[in-house]
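# A structural walkthrough
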Amino acid sequence: MRQRIPLIICFICGLTMAVQFFIPHQYSQAVYSEAVNWLRVIGVFGFVIGFGTLINIHVRRVMRGGANAPYSLVLLLGLFGTIIAWLIDREKERFFDWIFYNVQMPLDSTIFSLLAFFIVSAAYRAFRARTLEATLLLVAAVLVMIGNIPITDVVWGWLAEKLGLKEGLPGEVKDWILAVPNMASRRAIYLGVGLGGVAQSLKIILGIERAHFGGGG
Amino acid sequence: MRARIRWAIYLLVFLSVLIPMLTGISFPVGRISESTQAVFDYIESLPEGSVVAISFDYGPSVIPDVQPIAKALIAHCFKRNLKVMGFALWPTGEPLGRRAFEEVAEKMGKVYGEDYVYFGYRAGYSTVMLQMGEDIRKVFEQDYRKTPTDRIPMMKHIRNYKDIDLLVDLAAGDSVETWIVYAYTKFGQKLAAGVTGVIVSQMYPYIQAGQLVGVIPAMRGGAEYEELIDYSKLLGEPGMAKTGMSIQSIVHLLLMILIAIGNLEFVMMRRRR
């Protein structure tokens with residue numbers, strides 16, 4: 001019974017919303033409008049559950065101690081610190097803004113900036129023409145990079161003038177790589193993902209897929 | 001030895017960012033990509049008073065990629081006397097959007113509530129997109145200054161997607177796809193996007209299918225847009241993306257040289273074996 005009722009609700013809601021999409025009638029639109037309202041309310045419950053779970057897990061980690069406890073403590077301090085900062089000055093949100101501009105922004109930017117160093121180092125060590133596929137990837141990546149940077153336009157412009165080459169060619173090559181081979185493969189992936197999504201949704205609506213009840217499918 | 005090479009590479013990257021930054025080296029933008037031109041042309045074609053909505057769905061980590069696009073886009077809309085409404089579906093996008101509006105509006109003498117409005121962050125993602133198609137007031141009851149939406153002069157005639165001529169999603173994640181599913185497919189909303197370098201390649205099928213008017217691709221796109229609207233003249237400050245692209249040029253050159261050296265080393269090692 002604990003599984004059957006949610007399954008029935010899931011089936012009715014899934015089927016109703018799928019059918020509703022194809023019926024442009026005012027009653028159908030009213031159902032849709034109400035469902036969207038419900039979705040927002042349910043979403044709020046999701047936030048509450050997520051918030052509770054997050055606190056629960058990290059408070060337990062801090063209590064237990066161990067190597068990861070300081071990280072959990074930082075998370076809890078950040079979480080409650082931000083909430084308190086917002087509560088203190090709810091009208092103008094000055095403290096909240098201060099935290100965003102002076103803590104989150106520099107931290108976020110720093111972490112992302114570090115990636116540049118790792119990417120360059122990793123590209124030197126790993127971006128090698130070991131196989132045909134790797135060579136194709138390498139050539140495409142270098143051509144896109146060449147076509148993307150403004151310095152190419154300066155150098156190519158000069159070359160084009162001196163040697164009578166076609167102007168803007170590196171940029172056109174980059175656009176072609178992105179608009180033809182890249183797009184073809186992307187489209188294939190999207191079609192696969194789309195069909196997979198439809199199949200998965202049907203499995204959930206029909207109660208074949210039950211992983212969302214917990215304990216695996 | 002490996003550690004030394006790694007440290008040498010880190011030093012080179014550091015210097016190739018620092019030196020152009022200090023010397024102020026600048027390269028012209030050159031060729032404008034078709035997708036950036038398409039967004040520019042579409043906004044140019046809108047009559048005065050048309051409404052452009054901007055969704056700020058990114059965070060501080062991608063500021064160099066997306067924030068210049070935001071500022072250039074707002075400046076272009078203001079230049080064309082269009083009405084601009086902004087909001088964020090990512091909590092981290094809220095202060096960034098607000099800052100972009102404030103900086104550009106101040107320099108261009110635009111009035112809040114009449115020329116532009118900012119609603120701030122709303123939770124719900126796809127639900128927000130769906131409800132905007134019904135009635136914007138259902139999700140944005142008030143703006144970020146806590147003024148009821150009904151009391152904002154600019155919002156008098158804006159009720160749902162039918163009143164928005166173009167919606168631009170500035171994104172660092174999968175929000176563009178979600179906008180396409182909920183706003184374009186269901187309500188026929190005209191969409192464009194400004195995205196980070198990582199997700200540019202994902203956008204091409206949507207451009208070709210006509211689901212997106214165009215895409216402004218990352219810092220490069222931002223620099224192109226700054227060039228198109230003559231940003232430095234319009235706002236009296238150098239474009240953030242144009243400066244960034246010159247620095248990126250040097251780093252990319254270094255990257256290509258290192259890749260070439262790495263491959264040369266690989267070929268020589270294979271021959272020795």
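Residues numbered from 1 in each chain as written. Chains lettered and ligands numbered in written order. Predicted model: local features only at pLDDT ≥ 70, side-chain atom pairs only at ≥ 80, totals over all residues.

## A few points about the overall build of chain A
The test is simple: What counts as a helix is a DSSP run of H or I of at least four residues, what counts as a strand is a run of E of at least two, and both are numbered from the N terminus. Radius of gyration means the value over C-alpha atoms here, while the globule rule gives 2.2 Å times the residue count to the 0.38 power.
Within chain A, the secondary structure is distributed over seven helices and zero strands. Taken from N to C terminus, the helices and strands of chain A fall in the order α-α-α-α-α-α-α. Radius of gyration (C-alpha) of chain A: 27 Å, far over the 17 Å computed for a compact globule of 217 residues. Viewed in the frame of its principal axes, chain A has a C-alpha envelope of about 80 × 50 × 40 Å.

## Overview of the environment of B:Pro153
Residues and elements named next belong to chain B. Keep this limit in mind: We call two residues in contact when their backbone-placed C-beta atoms lie within 7 Å.
Tracing the backbone through its elements, the reader meets proline 153 in the loop between α6 (136-139) and β4 (166-171). Residues proline 153 and tyrosine 116, spaced 37 residues apart in sequence, show a C-alpha to C-alpha distance of 9.8 Å. The residues contacting proline 153, other than those within four sequence positions of it, are Gly113 and Glu114.

## Overview of unusual backbone geometry
All names here are of chain B. As a reminder, the rule being used: Comment: burial labels come from other C-beta atoms within 10 Å of the residue's own C-beta, placed from the backbone, where a count of 20 or more is buried, 12 or fewer is exposed, and between is partly exposed.
Positive phi is not limited to glycine here, since lysine 146 has a value of about 70°. You can see lysine 146 is positioned in the loop between α6 and β4. For lysine 146, a count of 10 C-beta atoms within 10 Å puts it in the exposed group. One non-glycine residue with positive phi stands out, namely aspartate 230, at about 55°. Inspection of the secondary structure puts aspartate 230 in the loop between α9 (218-229) and α10 (231-235). With 12 C-beta atoms counted inside 10 Å, the residue aspartate 230 sits in the exposed group.

## Regarding helix α2 (residues 26-64) of chain A
Residues and elements named next belong to chain A. Convention followed: For a helix, the expected span equals 1.5 Å multiplied by the residue count minus one.
A rise of 1.5 Å per residue sets the reference length of α2, with its 39 residues, at 57 Å; its end C-alpha atoms lie 57 Å apart and thus fit the reference within 8%. Little of α2 sits inside the fold, with one of its 39 residues counted as buried. Just beyond α2, the residue with positive phi is glycine 65, at close to 80°.

## Description of the sheet that holds β4(B)
Residue and element names in this part refer to chain B. Threshold: Two strands are counted as paired when DSSP detects at least two bridges linking them. Think of each axis as a best-fit line through the C-alpha atoms, taken over the contacting stretch in the case of a helix, with angles from 0 to 180 degrees between the N-to-C directions.
The parallel open sheet is built from six strands, whose spatial order is β3-β2-β1-β4-β5-β6. Both edges of this open sheet fall to β3 (116-121) and β6 (215-217), since each of them pairs with a single strand only. Neighbouring strand axes in the sheet, compared pairwise and without regard to direction, differ in orientation by 15° on average. With five bridges joining them, β4 and strand β5 (residues 191-195) adopt parallel strand pairing. Bridge pairing in β5 places leucine 167 opposite leucine 191.

## Digging into the confidence of the model for chain A
Threshold: Per residue, pLDDT captures the predictor's confidence, and it can take any value from 0 to 100.
With 99% of its residues at a pLDDT of at least 70, chain A reaches an overall mean of 89. When the elements of chain A are averaged for pLDDT, helix α6 (residues 150-163) of chain A gives the smallest value, 88, and helix α7 (residues 169-205) of chain A the largest, 93.

## Focus on the confidence of the model for chain B
One rule of thumb: low pLDDT means the predicted coordinates there are not for detailed reading. Scored by pLDDT, chain B has a mean of 94; 100% of the residues are at 70 or more. Under the prediction, the complex receives an ipTM of 0.82, its pTM being 0.88.

## Remarks on the interface of chain A and chain B
To be explicit about the condition: Amino acids outside the nonpolar list (Ala, Val, Leu, Ile, Met, Phe, Trp, Tyr, Cys, Pro) and the charged list (Asp, Glu, Lys, Arg) are all regarded as polar, and Gly is one of them.
With 42 residues of chain A at the contact, the number on the chain B side is 43 residues. Put simply, the parts of the chain that give the side of chain A that touches chain B at least two residues each are α2, α4 (94-126), α5 (132-148), α6 and α7 of chain A. Take the side of chain A that touches chain B: its biggest share by element is 16 residues, from α4(A). Considering only residue class, the side of chain A that touches chain B consists of 24 nonpolar, nine polar and nine charged.

## With respect to the packing of helix α3 (residues 69-88) of chain A against α4(A)
All names here are of chain A. As a packed pair, α3 and α4 sit with axes 6 Å apart at the nearest point and diverge in direction by 145°. For the pair formed by α3 and α4, the contact residues are Thr82, Ala85, Trp86 and Ile88 on the first element and Phe95, Phe96 and Ile99 on the second. Taken together, the residues of the contact of α3 with α4 sort by class into six nonpolar, one polar and no charged.

## Some words on the pairing of β5(B)
All names here are of chain B. Just so we agree on the cut-off: If you view a crossover with the strands going away from you and the path from the first strand over the helix to the second runs clockwise, you call it right-handed.
With five of its five residues buried, β5 lies for the most part within the structure. In β5, alternate side chains face the same way, and those of Leu191, Ala193 and Val195 on one face and Ala192 and Gly194 on the other are all buried. Note that the unit made of β4, helix α7 (residues 175-187) and β5 has a crossover that is right-handed. Across three bridges, the pairing between β5 and β6 is parallel. Following the sheet pairing, alanine 193 is matched in β6 by valine 215. A crossover links β5 with its parallel partner β6, the connecting element being helix α8 (residues 200-208), and its sense is right-handed.

## Focus on the pairing of β4(B)
All names here are of chain B. Among the six residues that make up β4, six are buried, leaving the element largely enclosed by the rest of the structure. Residues Leu166, Val168 and Leu170 line one face of β4 and the alternating positions Leu167, Asp169 and Ala171 line the opposite face, and both faces are buried. The pairing of strand β1 (residues 51-57) with β4 spans six bridges and is classified as parallel. By the bridge assignment, valine 52 is partnered in β4 with leucine 166.

## Things to note about the packing of helix α1 (residues 2-23) of chain B against helix α11 (residues 240-272) of chain B
All names here are of chain B. This is how the line gets drawn: An angle counts as roughly parallel when it lies under 35 degrees, as roughly antiparallel when it exceeds 145, as roughly perpendicular when it falls between 65 and 115, and as oblique in every other case. Left-handed describes a crossing in which the near helix is turned anticlockwise from the far one by less than a right angle; the clockwise case is right-handed.
Interaxial distance between α1 and α11 falls to 8 Å at its minimum, and their mutual angle equals 155°. Taken together, the axes of α1 and α11 lie roughly antiparallel to each other. In terms of crossing hand, the pair formed by α1 and α11 is right-handed. In this structure, α1 contributes Ile9, Leu12, Val13, Ser16, Val17, Pro20 and Met21 to the contact, and α11 contributes Ser246, Ile247, Ile250, Val251, Leu254 and Leu258. Here the contact of α1 with α11 is built from residues that sort into 11 nonpolar, two polar and no charged.

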